[in-house]
Amino acid sequence: MDNTPLVLVDGSSYLFRAFHALPPLTTSRGEPSGAIFGVVNMLRKLIAEHPPERLAVVFDAPGRTFRDDLYPAYKANRPAMPAELAAQIEPLHNLVRAMGLPLVMVDGVEADDVIATFATQARAQGLATVIVTGDKDFAQLVDERITLLDTMKNVTMDREGVIAKFGVPPERIVDYLALMGDSVDNVPGVPGVGPKTAVKWLVEYGSLDELIGRVTEVKGKAGENLRAALPHLALARQLVTVRCDVALPVGLADLHPQPPDATALKEWFQRLEFRTWLNELLKSQAAALPVADLFPLASSSSTLATPETVAATKREEPLPAPTRHYQTVWTVEALEVWMGRLTAAKLFAFDTETTELDYIRARIVGVSFAVEAGEAAYIPLAHLDPNAPIQLDRDQVLARLKPLLEDPGHAKLGHNLKYDMNVLANHGIRLAGIRHDSMLESYVLDSTATRHDLDALVLKFLGERTIHYEDVAGKGAKQISFDQVPIDRAAEYAAEDADISLRLHHQFWPRLNADERQRELYETVEVPLIPVLSRMERNGILIDSAALRTQSRELAVRLFKLEKTCHRLAGCVFNLSSPKQIQEILFERMKLPIHERTPTGQPSTAESVLEQLAAEYELPRLLLTHRGLAKLRSTYTERLPEQVSTTTGRVHTSFHQAVAATGRLSSSDPNLQNIPIRTPEGRRIRTAFIAPPGYQLLSADYSQIELRIMAHLSGDPGLVAAFAAGRDVHRATAAEVFGVPLENVSDEQRRSAKAINFGLLYGMSAFGLARQLGIDRGSAQRYVDLYFVRYVGVRRFMDDIRAMARKHGFVETLYGRRLYLPEINSRNRQRREYAERTAINAPMQGTAADIIKRAMIRVDYWLEEMGVKARMVLQVHDELVLEVAEEEVQMVGEQVRAIMASAAQLAVPLEVDVGVGRNWEAAH
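Conventions used here
Residues numbered from 1 in each chain as written. Predicted model: local features only at pLDDT ≥ 70, side-chain atom pairs only at ≥ 80, totals over all residues. Heavy atoms only, no water. Helix = DSSP H or I, 4+ residues; strand = E, 2+ residues; numbered from the N terminus. Buried < 20%, exposed > 50% of the residue type's maximum accessible area, 1.4 Å probe, protein only. Contact = heavy atoms within 4.5 Å. Areas by Shrake-Rupley, 256 points an atom, 1.4 Å probe, with all protein chains shown as cover. Lys, Arg positive; Asp, Glu negative; His and termini not counted. Charge placed at Lys NZ, Arg CZ, Asp CG, Glu CD. Polar contact = N/O pair within 3.5 Å; in protein donor to acceptor, adjacent residues only side chain to side chain. Pairing = 2+ DSSP bridges. Axes fitted to C-alpha atoms, helices over the stretch in contact; angles between N-to-C directions. Salt bridge = Lys/Arg side-chain N within 4 Å of Asp/Glu carboxyl O. pLDDT = per-residue confidence, 0-100. Core = buried A, V, L, I, M, F, W, Y, C linked by side-chain atoms within 4.5 Å. Phe/Tyr/Trp six-rings, centres within 6.5 Å; stacked < 30°, edge-to-face > 60°. Arc of directions from axis to C-beta.

This part is about the overall build of the protein chain. A count of helical and extended segments in the protein chain gives 36 helices and 22 strands. Evaluated residue by residue, the protein chain yields a buried proportion of 53% over its 924 residues. Once local pairs closer than 6 in sequence are excluded, the contacts in the protein chain between residues at least 24 apart make up 69%. Surface exposure of the protein chain reaches about 40200 Å², of which carbon and sulfur atoms provide 51%. Across the protein chain, the centroid of the 105 positively charged side chains sits 5 Å from that of the 118 negatively charged ones.

In C-alpha cells form, the structure reads like this:
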C-alpha cells in the first residue's frame, strides 16, 4: 500500500449536525432534504479539498448496540428521532452510494466503533488516518498516525491539539470523559464534575485508576461525590471507550471511491431538487468521472447549491427531448423561407438578443424563432465578429419582420416577452399578438415552486441543462456584451432560447388548460398585463434630482449628529453599521437585556430586538433612527439621481410579474414600491417625484381593499354592514369590540381596532398585537377574543381556510390564483403556524393583487382608446399613479376612480381615493 491517508467520515454525526444547523428545507412534495444537503455539501467540500485515495462514510446501523446491553439506560434521555430526520436517512445512504463512496454500517455497534477499528487496522499497516468528525469521543484515538478533522469548523486536531483543547493527552481522554459523564448519552459520571475538575484531578493524579486508588485524599464535596460515584465509574469508562475490534464486513483494500453512478445521481438530484448540483452533473455529460471532477468546488467560499423550498404540486414527467435542428440565417433566401414558416404557423416562439439588459438603451443584436420543438433559427444582425460571413442588414430584416410582429392575428410565444417588447419598441416595432409567455405559465401554475427563469425551468421540467449566458459571454469583469460573442457560439445559445420556450409551453399549457380558473387568470390577467407594464416601464417617471441631492446633504448632517450622540451615550466611538460592535456596546458594556439570540448563540441586534429595547433605552432608539435615515440616503436620495436615464431624462423601473408568491407586482432597478411613507423623511422623498410642465400627478388608491376582501370572503354580517353603510370600519370595529356607541369611540380605541383589523389579516398573535399597541399580552388577548365574538364570520373563515390548506396543500384567491403551502402540515410548530398565517393572508393580498391588475388593464385600454393625454407611470400595491394633462385632470380622475371601483364585484363596494398634485406626495 502507498502512504496516502485513509479518510473516515462520521456520517451519523454529520447527519445530526446538519439537521440542527440548516434551515428546514423541503422538496415540492414536502419531502425533507436539509440534512441530506448538509452532509452531501460537506462531502463535496471534503473531496474537493482533500481528494481521497481511500475513504469510507460510516453510519450507525439501526437497532440496539452492545452499550444498550451493558447499560439499559444508555441514551435514554435522548428524545425520539424527529420524523423529518428519520425520513432523510435512507435517501442520504443511497445518494452517498451513488456518489461512488464506500458506505459502511455494522449491526450491534456504533459508527464510532467501526471508525475506531478501521483506524486501528490502518495504523497497524503503517497508514495515516484522518477521521472527519465533530465528536469529542474520537480524541481518545489520536496519535502520530491518527488525526481528527472537523470540516464544519475547519479545525484539524493532532496530539498537541487534543492537549490544547481538553487539557489532557489522548490516552487520558477516556478517563476525562468517564469522570464528567455525558448527559446527552446518559452516561453516569461524578456529580458536579466538569472539565476543569476532571483535568485538575488527572493532572494531579495521572490517571483515573490512580485517582481511585487515592480517593480518600480528595477533600470537600467533590471528594464525597467522587466516592459516591465509585460503583459506576468502571461502567462509565466502558461506555465511553470506543471499540477497536469490531468484525468488519469489508477490509481496508475495499475502501476506494468508485466512479459515480451518474444515472442514479441525476435521479436523486431531481427527486431532492438539488438544482445547481443537477446542473453541474448535466454539464459534465459523463457517467464516470473522478468524484472530485464531478463535484467541483472552486473554493471554500464558493456559492453552493441550495435545495428549493417549493410548494406541493403535481410533477409532470418531461416530454421526450427532440432532436435539435438549429439554423443560422445568413441570406435573404433563408430569411424568406423562415418568414413563410412563421406566417403559416399557428404559434411561433420569438426571442431577441441585445447589447445590454437596460431595456431603454438596449439594441437588437439578433433574433431567434422556433415553430416546432427542436427546430429553431437565429438571425445574427449586429455581431462584431470579423471571422463570420456578412450578416443581413438589421434595419432591413426588422422592417421585413415588423408587419408580422405587429400583427395581432399571428400568435407569439416567448419567455419574459415584456423585455423583448421594450427592446423592439427601441426599433420602432410595437409587438402585438402575444399569446403565451412560458415564464407566466410557470408562475400561474405554481408561484412558489421554483424560480421562473428559463435555465431553472428547463432543469426542473425538462431535466436538461441549457447553454447559460456565461457560457458564451464569460463571467464577472471579463464578461463581454452579446454583440462581441462569436456568431457560431451565439447562434446555438439564441436558437435554444426560442426552442426551449416552445418546449416549456408544451409542458405547461396542457396543465393550465385543464384548470379553467387558472387558465382564465392567465389569459385575462397575466398575459394582457404584459403590454400594460411595458408601456409603464417605457413611460418612466420624472424626478427632481436637485431636490434629492439637497435632501441627501441634509440627511448626511443628521446622520453625523446622530452618530456623535450615539458615541456619547455608548461612552466610546464605534461603527454604527457593525452588528458585532453594536452587540458589544449594548449587551457587554451597557448590560441591556437580551431578547433574542442569533443561530450561533450571540445576542441579536436585529431591528425587532432594537425596537423592543427602544421602548426603554435611548441608544437603541437612536440606532434605529440612524439605520432608517442611512437606508433612505443610500437607496434613494443618493442613488435615484444616478438612475436617471440619459436617453429620456426619466427614471425607469422594471415591474416583475413572476416574483411575489401572492401575485403582487414587484419593482427593481430602482425599487419604487418600498419608499417608506410612515416617516417625514420618507414622505419627503416622494416630493421629488414630479410631473412635467403642464401636467399633474394623479394618485388613485384603493381604500382598505384587503379588509373589504375579508368582508366578502368571510361574509361576516358586521363587516359587510359597516362597509355597505360607508362607515369608518375601524371605528365600527372599535364600537363592537369595546361595546361603546359609535359616536363615543375614542381615538385610542380606533387605533387599537385598526391594529386588530389589519393584524388579523396578517395572522398577528396577541403577543404581536401587545407589542404594537404597547399593552400587556393579557389585554391584547382580550381584544382579540372580543373581536371574534363580534365578528363570528371572520373566525369561521379563518378556521375554514386553514382546514382547506391542510387538506389540499394550497389556498386560492377570488380569481383562482393558487398559493401552495408545503409546510401547512409540518410537525415543526413554528413552520406550521407560519404557513397557517400565510393561508389566512394570501387570499386577501392575492385577490387585491388580482383586482388592481384587472384595473390596470382596463385603465390602460381606456387611455389608449380615448387618446387621453394621460399615462400610467407607477403601480405601488393598491395604488396607481398617472401623469395627466392639467386640463384633463378632473375627467381622468373620475374615470379612473370608476374603472378601479368596478374592477371586481364584491359583497361590499370598492372605494378609491383620488388625489392630484405637482408631486407624488402632494397627490397621495
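Read on, since the account is not over.
What follows concerns the side chain of Gln-696. Tracing the chain through its elements places Gln-696 in strand β17 (residues 695-702). Of note is the side chain of Gln-696, whose polar atom sits 3.5 Å from the backbone nitrogen of Arg-918. Discounting residues that sit within four places of it in the chain, Gln-696 has contacts with Ala-691, Leu-882, Glu-883, Val-884, Glu-886, Val-889, Val-916, Gly-917 and Arg-918.

Let us now look at the sheet that holds strand β9 (residues 364-372). Note on sheets: strands pair through backbone hydrogen bonds, and any given pair is parallel or antiparallel. Pairing within the open sheet is mixed, and its six strands lie in the order β7-β10-β9-β8-β11-β12. The open sheet is flanked by β7 (325-328) and β12 (434-437), the only strands paired with a single partner. The mean inter-strand angle of the sheet, taken between neighbouring strand axes irrespective of direction, is 25 degrees. In this structure, strand β8 (residues 347-354) lies alongside strand β11 (residues 411-414), joined through three bridges in parallel fashion. Within β11, the position partnered with Leu-347 by the bridge is Ala-411. The strands that helix α15 (residues 394-406) touches are β8, β9, β10 (375-380) and β11; relative to β9, the one it contacts most, it runs at about 45 degrees. Contacts from helix α16 (residues 417-426) reach β8, β9, β11 and β12, with the element oriented near 65 degrees to β8.

Our focus in this paragraph is the pattern of salt bridges. This model, assessed by the stated rule, comprises 55 salt bridges. Across the pair Arg-17 and Asp-150 runs a salt bridge whose closest N-O atoms are separated by 3.2 Å. Here Asp-150 lies in strand β5 (residues 146-150) and Arg-17 lies in helix α1 (residues 11-21), a separation of 133 residues in the sequence. Residue classification places Asp-150 among the buried residues on the basis of a relative accessible area of 11%. Of the charged contacts in the structure, one is a salt bridge between Glu-812 and Arg-818, with a shortest N-O distance of 3.0 Å. Shared partners join several salt bridges into a network, and the residues in it are Arg-172, Asp-175, Asp-209 and Arg-237.

A word on the confidence of the model for the protein chain. Mean pLDDT over the protein chain works out to 88, with 94% of the residues at or above the 70 mark. Low pLDDT, under 50, characterises residues 285-316; the stretch is placed with 85 contacts to residues that sit more than four places away or in other chains.

This part takes up the nonpolar core. Among the nonpolar cores identified, the biggest contains 175 residues, and Tyr-702 and Met-856 are the most heavily contacted of them. Tallying contributions element by element places helix α34 (residues 829-866) first for this core, with 14 residues. Those residues in contact with Met-856 that lie beyond four places of it in its chain are Leu-529, Val-532, Leu-533, Met-536, Leu-665, Met-872, Gln-875 and Leu-880. Ala-122, Leu-208, Leu-226 and Val-242 belong to the second largest nonpolar core, which has 58 residues in total.

A word on the packing of aromatic side chains. Remark: the centre distance and the inter-plane angle together describe each pair of aromatic rings, the angle taken between the planes. Across all of its chains, the model carries 18 aromatic pairs by this definition. With a centroid separation of 5.1 Å and 20 degrees between ring planes, the pair formed by Phe-37 and Trp-277 is classed as stacked. Remark: Trp-277 occurs in helix α12 (residues 275-284) and Phe-37 occurs in helix α2 (residues 34-49); sequence separation between them is 240 residues. Neither residue differs from the other here; Phe-37 and Trp-277 are each classed as buried. Here Tyr-787 and Tyr-791 contribute two aromatic rings whose centre-to-centre distance is 4.8 Å and whose plane-to-plane angle is 40 degrees, an arrangement assigned as tilted. Of the two residues examined, Tyr-787 and Tyr-791, each falls in the buried class. Counting every residue linked through ring pairs, the aromatic cluster contains Phe-37, Phe-269, Phe-274 and Trp-277.

In spatial order, the strands read β20-β21-β17-β22; together these four strands make up an open sheet with antiparallel pairing. Looking at which strands have only one partner, the edges of the open sheet turn out to be β20 (870-876) and β22 (912-917). For this sheet, the mean angle separating the axes of adjacent strands, direction not counted, is 20 degrees. In this fold α34 packs onto β17, β20 and β21 (879-885), with an angle of close to 170 degrees to the strand it touches most, β20.

With that out of the way, let us pick up the pairing of β21. Taking burial as the measure, the seven residues of β21 include seven buried ones, the bulk of the element. Where burial is concerned, the two faces of β21 agree: the one with Glu-879, Val-881, Glu-883 and Ala-885 and the one with Leu-880, Leu-882 and Val-884 are both buried. Alignment of β17 against β21, held across seven bridges, turns out to be antiparallel. Each residue of the ladder has a partner; that of Tyr-695, found in β21, is Ala-885. Looking at chain direction, β20 and β21 are connected through six bridges and run antiparallel. Looking at β21, one finds that Arg-871 is bridged to Glu-883.

A few words on the side chain of Thr-133. If you trace the backbone, Thr-133 turns up in the loop between β4 (129-132) and β5. In this structure the side chain of Thr-133 is engaged in a polar contact, spanning 3.0 Å, whose partner is the side chain of Asp-10. When residues no more than four places from it in sequence are discounted, the contact partners of Thr-133 are Asp-10, Ser-13, Tyr-14, Arg-17, Phe-138, Leu-149 and Asp-150.

Those residues of helix α28 (residues 717-724) lying buried are Leu-719, Val-720, Ala-722 and Phe-723. What you see down the axis of α28 is that its buried residues fit within an arc of 165 degrees, all on one side. Seen from the buried face of α28, the exposed residues on the opposite side, beyond 90 degrees, are Pro-717 and Ala-724. If you follow the buried residues of α28, they end up packed against α27 (705-714), α29 (729-738), α32 (777-790) and α33 (792-808). The N-terminus of α28 is capped by Asp-716, whose side-chain oxygen sits 3.0 Å from the backbone nitrogen of Gly-718. Gly-726, located one to two residues past α28, shows a positive phi value of around 75 degrees.

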